Amino acid sequence: MTGDSNKTADASGSNSKSWSYDSLFKKLDFRNSGKINIEDIQKGSRNIGLPVDESEASVLVNLGDKDASGDVDREEFVQYMTKHEQQLKKAFDTLDTNHDGRIDLVEIRGGFEASGMSLAEGEASDLMSRVDSDGSNDISFAEWRKFLLFHPKDDIKSILAYWSHRPVLDMGDDLGIPEDFTENELKSGLWWRHLVAGGIAGAVSRTSTAPLDRIKVFLQVHGLKRFGGLKGCLSHMISEGGFRSLWRGNGVNILKIAPESAFKFMGYEQVKRMIRSGDNPGEVRVSERFIAGSCAGAFSQSLIYPLEVRSFYCFL
Ligand SMILES: [Ca+2]
Ligand SMILES: [Ca+2]
Ligand SMILES: [Ca+2]
């Protein structure tokens, strides 16, 4: 890993970004070991005032660590960040609808609307001020990149959700805020069709990722070393219970999808009604969605917990 290819590219000026990722790596690698792990990223990023939390750091290590050595060396880091930056540029260009290289308030509002997340009055300026570090009232790509530098997801919807602190609905996992239904949808019964469709989508996606889930739980309990890697773990599971055992526990998992989303939806609608701002009853603020979503998640998780524990033991 000499990095000569990068140096040549940098010297010619055609790849100046690698330089900055190079120096960024040096800052994160404060132990000077030539490689960084989750802890280094967390500490190092705090040192430079762009704190990264543990889950973001672990995604970076997982995605960046091409040779599966358990840490990210300089070359892997530069490669990962360069690719990440390309994705961020794509998202930036999507929002910059008039292609002047800057994102303004109108474009922020338009972008959120296009992703089905309308913003309440004043929210766009709030979001702008979070990213617009030079106060120019628009967002340059440099500002955008700095804001999302360590944010692991780079599709536009996840970025907007992260930006507005708004969790996205993720059928594959437990958290997420139920969809907002309008009064009309509630009256016409469209909402339950949404729930059924969501349940089916959840069942299909759970079934297709069930083996991975099972490996995850297995490794969490037994550790990676015992089986000498992922492959070893997989062959152990197959030799122990046959190929079908990879889907062990999936039935319970699917069973809990329907009650879980129903409880979550009920809880969400209730809490939302309780806290919805009096002056503008039709509009739900980001903070209100967040509180209602968290309460609904806690509510449905407590009710569904016995099934959750059952499926965990089925996995083993
Ligand atoms: Ca590595
Ligand atoms: Ca623009
Ligand atoms: Ca700016």
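Up top you'll find the structure we're talking about.
Predicted model only: the values in this text are computed from it and were never measured.

1. Quick look at the overall build of the protein
Then comes step 1: Counting secondary structure elements, the protein contains 15 helices and two strands.
Then comes step 2: Burial status across the protein gives 41% buried among its 316 residues.
Then comes step 3: Counted over contacts in the protein with a minimum sequence separation of 6, partners at least 24 positions apart contribute 61%.
Then comes step 4: Counting only carbon and sulfur atoms, one obtains 57% of the accessible surface of the protein, whose full area is about 17,500 Å².

2. Quick look at the coordination of the calcium ion (ligand 1)
Then comes step 1: Distances from the calcium ion (ligand 1) to its protein donors, namely Asp65 (OD), Asp67 (OD), Ser69 (OG), Asp71 (O), Glu76 (OE) and Glu76 (OE), fall within the range 2.3 to 2.6 Å.
Then comes step 2: Motif for the calcium ion (ligand 1), donor spacing along one chain: D-x1-D-x1-S-x1-D-x4-E.
Then comes step 3: Overall, Ser69 belongs to the partly exposed group, its relative accessible area being 44%.

3. Brief notes about helix H9 (residues 156-163)
Then comes step 1: For H9, the full list of buried residues reads Ser158, Ile159, Leu160, Ala161 and Trp163.
Then comes step 2: Looking at the packing, one finds that the buried side of H9 touches helix H5 (74-95), helix H6 (105-114), helix H7 (123-131) and helix H8 (141-148).
Then comes step 3: Where H9 terminates, the next one or two residues include His165, which has phi positive at roughly 55°.

4. Quick notes on the environment of Lys35
Then comes step 1: Looking at the element boundaries, Lys35 is found in strand S1 (residues 35-36).
Then comes step 2: What makes Lys35 partly exposed here is its relative accessible area of 39%.
Then comes step 3: Measuring from C-alpha to C-alpha, the distance between Lys35 and Val72 comes to 5.3 Å, with 37 residues separating the pair along the chain.
Then comes step 4: Setting aside its immediate chain neighbours within four residues, Lys35 contacts Phe25, Asp29, Asp40, Asp71, Val72 and Asp73.

5. Digging into the pattern of salt bridges
Once the charged atoms of two side chains with opposite charge are near each other, the side chains can pair.
Then comes step 1: Across all of its chains, the model carries six salt bridges by this definition.
Then comes step 2: Linking Glu39 and Lys43 is a salt bridge whose minimum nitrogen-to-oxygen distance equals 3.8 Å. Here the residue Glu39 and the residue Lys43 both occupy positions in helix H3 (residues 38-47), the gap between them amounting to four residues, near one helical turn.
Then comes step 3: Given a relative accessible area of 51%, Glu39 falls into the exposed group.
Then comes step 4: As a salt-bridge pair, Asp93 and Lys89 come within 2.9 Å of each other at their nearest N and O atoms. Here Asp93 pairs with Lys89, and both are found in helix H5, just four residues apart, close to one helical turn.
Then comes step 5: Accessibility expressed as a relative area gives 32% for Asp93, which makes it partly exposed.

6. So, the packing of helix H4 (residues 54-64) against H5
Then comes step 1: Relative to each other, H4 and H5 sit at 105°, their axes nearing to 9 Å. On the basis of their axis angle, the class for H4 and H5 is roughly perpendicular. Along its contact with H4, which presents Leu60, Leu63 and Gly64, the element H5 presents Glu76, Phe77 and Tyr80.
Then comes step 2: Of the residues in the contact of H4 with H5, the class split is four nonpolar, one polar and one charged.

7. Some details on the coordination of the calcium ion (ligand 3)
Where a metal carries four tetrahedral donors, each ideal angle is 109.5 degrees; where it carries six octahedral donors, the ideal angles are 90 or 180 degrees.
Then comes step 1: Only Asp132 (OD), Asp134 (OD), Ser136 (OG), Asp138 (O), Glu143 (OE) and Glu143 (OE) from the protein coordinate the calcium ion (ligand 3), and they sit 2.3 to 2.4 Å from it.
Then comes step 2: Around the calcium ion (ligand 3) sit six donor atoms; with metal-centred angles ranging over 54 to 157°, the donor geometry is irregular.
Then comes step 3: Positions of the donor residues of the calcium ion (ligand 3), expressed as sequence spacing, correspond to D-x1-D-x1-S-x1-D-x4-E.
Then comes step 4: Taking relative accessible area as the criterion, Asp134 reaches 53% and is therefore assigned exposed.

The rules behind these values
Residues numbered from 1 in each chain as written. Chains lettered and ligands numbered in written order. Predicted model: local features only at pLDDT ≥ 70, side-chain atom pairs only at ≥ 80, totals over all residues. Heavy atoms only, no water. Helix = DSSP H or I, 4+ residues; strand = E, 2+ residues; numbered from the N terminus. Buried < 20%, exposed > 50% of the residue type's maximum accessible area, 1.4 Å probe, protein only. Contact = heavy atoms within 4.5 Å. Areas by Shrake-Rupley, 256 points an atom, 1.4 Å probe, with all protein chains shown as cover. Donors = N, O, S within 2.8 Å, 3.2 Å for Na, K, Ca; no water. Salt bridge = Lys/Arg side-chain N within 4 Å of Asp/Glu carboxyl O. Axes fitted to C-alpha atoms, helices over the stretch in contact; angles between N-to-C directions. Parallel < 35°, antiparallel > 145°, perpendicular 65-115°, else oblique. Nonpolar A, V, L, I, M, F, W, Y, C, P; charged D, E, K, R; others polar. Tetrahedral: all angles 85-135°; square planar, octahedral: opposite > 155°, others 65-115°.

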